Amino acid sequence: MLILSVNLSEEIIKLKLNDYILTFESTHNALATEKILRKKELDIELIPTPREISSECGFTLILENTNLQTIKDNTKKEILGDIYVIIKKGKRKKYEKVD
């Protein structure tokens, strides 16, 4: 029997370079923002927060094919935690906090 260990957030969701990750202070805020962004027809996915990112909430949103200004224009600043962009450092993907 072959047993493989996979990081679900990276292998199933396929985090890509330059995707944005949004963090939140609560699950309620994550779900409320997801609802708003889905109505705007943005390409998003609700996933467990990657362990490399510190967040009070266990969920984050990944936004693909969008830019930072679109994110800021369509989210409520008071419920949003931090924004990260996925970058490549050497052979690994890293999360870089965006201002």
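Quick notes on the rules
Residues numbered from 1 in each chain as written. Predicted model: local features only at pLDDT ≥ 70, side-chain atom pairs only at ≥ 80, totals over all residues. Heavy atoms only, no water. Pairing = 2+ DSSP bridges. Helix = DSSP H or I, 4+ residues; strand = E, 2+ residues; numbered from the N terminus. Axes fitted to C-alpha atoms, helices over the stretch in contact; angles between N-to-C directions. Contact = heavy atoms within 4.5 Å. Buried < 20%, exposed > 50% of the residue type's maximum accessible area, 1.4 Å probe, protein only. Salt bridge = Lys/Arg side-chain N within 4 Å of Asp/Glu carboxyl O. Core = buried A, V, L, I, M, F, W, Y, C linked by side-chain atoms within 4.5 Å.

A. A look at the sheet that holds strand β3 (residues 59-64). The strand order across the open sheet built from five strands is β2-β3-β1-β4-β5, with neighbouring strands paired in antiparallel fashion. Whereas interior strands pair on both sides, the edge strands pair on one side only; in this sheet they are β2 (43-48) and β5 (92-98). The mean angle between the axes of side-by-side strands here comes to 30 degrees, regardless of whether they run parallel or antiparallel. Where strand β1 (residues 20-24) and strand β4 (residues 80-89) come together, four bridges link them in antiparallel fashion. Bridging from a neighbouring strand, Phe24 pairs with Leu80 of β4. In the packing of helix α2 (residues 27-39) onto the sheet, the strands contacted are β1, β2 and β3, and the crossing angle to β3 comes to about 25 degrees.

B. Geometry of the environment of Pro48. Relative to the helices and strands, Pro48 is located in strand β2. Note on Pro48: relative accessible area 53%, which makes it exposed. A sequence separation of 12 residues divides Pro48 from Thr60, and the C-alpha atoms of the two residues are 6.0 Å apart.

C. Summary view of the pattern of salt bridges. Tallied over the entire structure, the rule returns two salt bridges. Notably, a salt bridge pairs Glu34 with Arg38, separated by 3.1 Å at the nearest N-O pair. Taken together, the residues span about one helical turn, with Glu34 and Arg38 both in helix α2 at a distance of four residues. Taking the relative accessible area as the measure of exposure, Glu34 reaches 16% and is therefore buried. With its nearest N and O atoms 3.4 Å apart, the salt bridge here joins Lys97 to Asp82. Taken together, the residues Lys97 in strand β5 and Asp82 in strand β4 connect sequence positions 15 residues apart.

D. Focus on the nonpolar core. In terms of nonpolar packing, the biggest core is built from 16 residues, with Tyr20, Leu22, Phe24, Leu37, Leu61, Leu63 and Ile83 touching the most fellow members. Of all elements in the fold, only β1, α2, β3, α3 (68-74) and β4 reach the threshold of two or more residues within this core. A total of four residues in this core trace back to one element, the largest contributor, which is β4. The next biggest cluster of nonpolar side chains, apart from the first, holds seven residues, and it includes Ile21, Ile47, Ile62 and Tyr95.

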